[in-house]
Amino acid sequence: MRTLELPRVPPSARLLDGTPVAALLVLAGAWLAAAVTLPPAGARVAGLAAAHGALLGTALAWAAREGAPARWAPLSVALLLAAAATCARVAPWGALAYLALPVWLLWRRPDWLGGVRGQGRALAAGALFGALLGAHLLVNASLTLGYHVRAGGAAAVTGWLAYDAFANVLAAEAFFRGGLFARAHRRWPLAGAAALATAASVARYLADPLLPHSAGMLAGATFYLALLGAGNCVLLARSGSLAAPLAAGVVFFTAYRLLAPR
């Protein structure tokens with residue numbers, strides 16, 4: 001039986017119980033200190049590590065089994081990400097260091113990662129959804145915003161894919177779908193849980209300082225990210241596995257990375 005289709009039993013715990021508040025405060029303090037004291041390149045690495053570390057570390061803390069606390073998981077994840085991001089900046093193929101994160105997660109084996117292996121149909125469904133959404137983005141951006149598909153060198157393409165697959169998409173889907181949506185869906189119907197998780201994920205991406213903040217880009221980003229988030233909630237609810245949302249996110253962001261202004 002699919003895990004997320006079981007009858008909902010109102011839980012006694014609150015939605016955000018188990019959130020590693022102390023670790024998140026330490027991480028926020030470290031990021032602020034880095035922003036003040038480090039040069040811009042170092043501050044960007046610290047910001048990336050703090051943002052993704054907070055999301056993925058919180059998802060790990062929420063998924064921790066009894067007797068296996070993960071209250072400092074955000075700090076562990078942030079350190080791994082900081083090391084990987086530094087490698088990506090100093091070496092042409094350094095982005096491959098992001099592979100350390102999924103390897104580390106396989107060792108920890110959180111509940112929301114347990115169904116990824118052996119989920120061929122879930123992966124195919126997620127990849128198809130991401131491809132359709134990504135193809136629509138490419139065509140629409142080309143026709144309405146004057147963007148075109150750019151070509152990149154092998155090292156650049158590898159860097160985009162490694163960052164999105166093993167840091168950006170992984171952290172976002174673990175937190176917003178594997179964590180927040182799954183917790184909310186145990187309490188509320190699918191529509192309400194999906195609305196909460198989708199709104200939170202869209203807000204996260206729109207707050208990214210690297211996103212172009214023109215009116216057209218913000219409107220387009222809100223539209224496509226909302227579709228991606230809502231679709232990924234449905235995929236997770238139907239399959240009970242995070243494999244489908246991960247595949248959809250990676251394929252969609254691959255299409256997004258191909259866009260460049262004319």
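Bear in mind that the values here come from a model prediction, so they are computed numbers and not experimental data.

### A closer look at the overall build of the protein chain
- Counting secondary structure elements, the protein chain contains 9 helices and 2 strands.
- Beginning at the N terminus, the succession of helices and strands in the protein chain can be written as α-α-α-α-α-β-α-α-α-α-β.
- The proportion of buried residues among the 262 residues of the protein chain is 42%.
- Summarising the internal contacts of the protein chain: among those between residues at least 6 apart in sequence, 77% fall at separations of at least 24.
- Put simply, the protein chain shows about 13100 Å² of open surface, and 70% of that area lies on carbon and sulfur atoms.

### Describing empty space enclosed by the protein
- Counting across every chain of the model gives 1 cavity of 30 Å³ or more.
- Approximately 50 Å³ is the volume found for the largest cavity.
- Taken together, the elements giving at least two residues each to the lining of the largest cavity come down to α6 (154-185), α7 (190-206) and α8 (215-239).

### Description of the nonpolar core
- Counting residues in hydrophobic clusters, the biggest one holds 66 residues, and the most contacted among them are Leu81, Tyr98, Phe181 and Phe252.
- Counting residues per element, the ones that place at least two in this core are α2 (40-63), α3 (73-90), α4 (100-108), α5 (120-144), α6, α7, α8 and α9 (243-257).
- Looking at which element gives the most residues to this core, the answer is α6, with 13 residues.

### Focus: the side chain of serine 241
- Among the structural elements, serine 241 can be located in the loop between α8 and α9.
- Look at serine 241 and you get buried, because its relative accessible area is 1%.
- A polar contact is formed between the side chain of serine 241 and the backbone nitrogen of alanine 243, at a distance of 3.0 Å.

### Considerations on α6
- Taking 1.5 Å per residue as the helical rise, α6 with its 32 residues ought to reach 46 Å, whereas the 41 Å between its terminal C-alpha atoms falls clearly short.
- The largest bend in α6 amounts to roughly 45° and is located at aspartate 164.
- Burial of α6 is extensive: 24 of the 32 residues sit out of reach of the surface.

Conventions adopted
- Residues numbered from 1 in each chain as written.
- Predicted model: local features only at pLDDT ≥ 70, side-chain atom pairs only at ≥ 80, totals over all residues.
- Heavy atoms only, no water.
- Helix = DSSP H or I, 4+ residues; strand = E, 2+ residues; numbered from the N terminus.
- Buried < 20%, exposed > 50% of the residue type's maximum accessible area, 1.4 Å probe, protein only.
- Contact = heavy atoms within 4.5 Å.
- Areas by Shrake-Rupley, 256 points an atom, 1.4 Å probe, with all protein chains shown as cover.
- 1 Å grid on protein atoms, 1.4 Å probe; cavity = no way out; pocket = protein on both sides within 12 Å on 5 of 7 lines; lining within 4 Å.
- Points joined across faces, edges and corners; volume = space filled by probe spheres on them.
- Core = buried A, V, L, I, M, F, W, Y, C linked by side-chain atoms within 4.5 Å.
- Polar contact = N/O pair within 3.5 Å; in protein donor to acceptor, adjacent residues only side chain to side chain.
- Expected span 1.5 Å × (residues − 1).
- Bend = angle between axes of the 7 residues up to and from the residue.

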